[in-house]
Amino acid sequence: MWCTNFIYMTLTNETMRYSCSIIDLYDRSIVASENSSFITSSLAVRTLETALSSAKAIPQNLILHLDQGSQFTSAEFVQHCRKLGISQSISRAGCPYDNAPMERYYNTLKTELIYQYRFETAAELDYAVSEFAYDWYNQARPHTYNGYLIPFEKRAECTIKQWCYKKR
């Protein structure tokens, strides 16, 4: 099962940037993170495509959990998920707890990166968010959920067993 959502980020000149990320609930790894100047269904589709193209093993009967945002409930995104055989699980209105792992990641991203540095350009911010997600968060930062293993250590533990996705 994967979760997804958007966050807003601001450059020093007050220009907005939007990030859409997807997290794998098995090991809390970020499987995709894409940024844009616009918060659109196309950004959500692009993020999903990035996740699918970078995943070594896509779980059968993949469920993607998301909120009721218009980007995720749009015809473009819903049809794209259907075409790929991905089931959508949508949070109840006013219930952020349904997507708590995604919210936790964004809290960590903001606390450990966004609020600590100033970003002059979209390229600087996009690079920093990508490095944070794929290098720091996935490969160096231990997670309490994983018994203080980093996501890739947890994934390696699973790969050895060769049955992780089958058991879900």
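Residues numbered from 1 in each chain as written. Predicted model: local features only at pLDDT ≥ 70, side-chain atom pairs only at ≥ 80, totals over all residues. Heavy atoms only, no water.

1. Overview of the overall build of the protein chain
At step 1: Helix and strand counts for the protein chain come out as seven helices and five strands.
At step 2: When burial is assessed residue by residue, the protein chain has 47% of its 168 residues classed as buried.
At step 3: In the protein chain, once contacts between residues fewer than 6 apart in sequence are set aside, the share between residues at least 24 apart is 56%.
At step 4: Of the roughly 9,000 Å² that the protein chain leaves accessible, carbon and sulfur atoms contribute 53%. (Helix = DSSP H or I, 4+ residues; strand = E, 2+ residues; numbered from the N terminus. Buried < 20%, exposed > 50% of the residue type's maximum accessible area, 1.4 Å probe, protein only. Contact = heavy atoms within 4.5 Å. Areas by Shrake-Rupley, 256 points an atom, 1.4 Å probe, with all protein chains shown as cover.)

2. Re the sheet that holds strand β2 (residues 16-24)
At step 1: An order of β3-β2-β1-β4-β5 is seen for the five strands of this open sheet, with the pairing classed as mixed. Lying at the two open borders of the sheet, with one neighbouring strand each, are β3 (29-36) and β5 (87-90). Neighbour-to-neighbour, the strand axes of this sheet turn through a mean angle of 25 degrees, independent of strand direction.
At step 2: Judged from the nine bridges that link them, strand β1 (residues 2-10) and β2 form a sheet pairing that is antiparallel. Along β2, the bridge assignment pairs Thr-4 with Ile-22. (Pairing = 2+ DSSP bridges. Axes fitted to C-alpha atoms, helices over the stretch in contact; angles between N-to-C directions.)

3. What about the pairing of β1?
At step 1: Judged by how many residues are buried, β1 sits mostly within the fold: seven of nine residues are covered.
At step 2: Counted between consecutive antiparallel strands, the loop separating β1 from β2 contains five residues, among which Glu-14 sits at a positive phi close to 75 degrees.

4. Things to note about the confidence of the model for the protein chain
At step 1: With 89% of its residues at a pLDDT of 70 or more, the protein chain shows a mean pLDDT of 88.
At step 2: Mean pLDDT across the elements of the protein chain ranges from a minimum in helix α7 (residues 164-167), with 47, to a maximum in β2, with 97. (pLDDT = per-residue confidence, 0-100.)

5. A few points about the layout of surface pockets
At step 1: Its volume calculated, the second largest pocket comes out at about 170 Å³.
At step 2: Taken together, Ile-23, Arg-28, Pro-101, Arg-104, Thr-108, Tyr-137, Arg-141, Pro-142, His-143, Thr-144 and Tyr-145 form the lining of the second largest pocket. (1 Å grid on protein atoms, 1.4 Å probe; cavity = no way out; pocket = protein on both sides within 12 Å on 5 of 7 lines; lining within 4 Å. Points joined across faces, edges and corners; volume = space filled by probe spheres on them.)

6. Side note on the side chain of Thr-108
At step 1: Relative to the assigned elements, Thr-108 resides in helix α4 (residues 100-114).
At step 2: With relative accessibility at 3%, the residue Thr-108 sits in the buried group.
At step 3: Those residues within four positions of Thr-108 in sequence are excluded, and the remaining contacts are Leu-113, Phe-132, Tyr-137 and Arg-141.

7. Observations concerning the pattern of salt bridges
At step 1: Overall, the coordinates contain three salt bridges when judged by the stated rule.
At step 2: In this structure, Asp-126 and Arg-17 form a salt bridge, with 2.5 Å as the shortest nitrogen-oxygen distance. In this pair, Asp-126 is assigned in helix α5 (residues 122-139) and Arg-17 in strand β2, connecting sequence segments 109 residues apart.
At step 3: Note on Asp-126: relative accessible area 22%, which makes it partly exposed. (Salt bridge = Lys/Arg side-chain N within 4 Å of Asp/Glu carboxyl O.)

8. Here's the deal with the packing of α4 against α5
At step 1: The interhelical angle for the contact between α4 and α5, taken along N-to-C directions, is 115 degrees, at an axis separation of 11 Å. Of the two possible hands of crossing, α4 and α5 adopt the one that is right-handed. Where α4 approaches α5, its residues Tyr-105, Thr-108, Leu-109, Glu-112, Leu-113 and Ile-114 are matched on the opposing element by Leu-125, Ala-128, Val-129, Phe-132, Ala-133, Trp-136 and Tyr-137.
At step 2: A breakdown of the residues in the contact of α4 with α5 according to their chemical character gives 11 nonpolar, one polar and one charged. (Left-handed = near helix turned anticlockwise from the far one by under 90°. Nonpolar A, V, L, I, M, F, W, Y, C, P; charged D, E, K, R; others polar.)

9. As for the packing of helix α1 (residues 41-54) against helix α3 (residues 75-84)
At step 1: Where α1 meets α3, the closest approach of the two axes is 9 Å, and the angle between their N-to-C directions is 25 degrees. Between α1 and α3, the crossing angle belongs to the class labelled roughly parallel. Together, Ser-41, Ser-42, Ala-44, Val-45, Leu-48, Glu-49 and Leu-52 of α1 and Glu-76, Phe-77, His-80, Cys-81 and Leu-84 of α3 make up the contact between the two elements.
At step 2: Across the contact of α1 with α3, the residue classes tally to seven nonpolar, three polar and two charged. (Parallel < 35°, antiparallel > 145°, perpendicular 65-115°, else oblique.)

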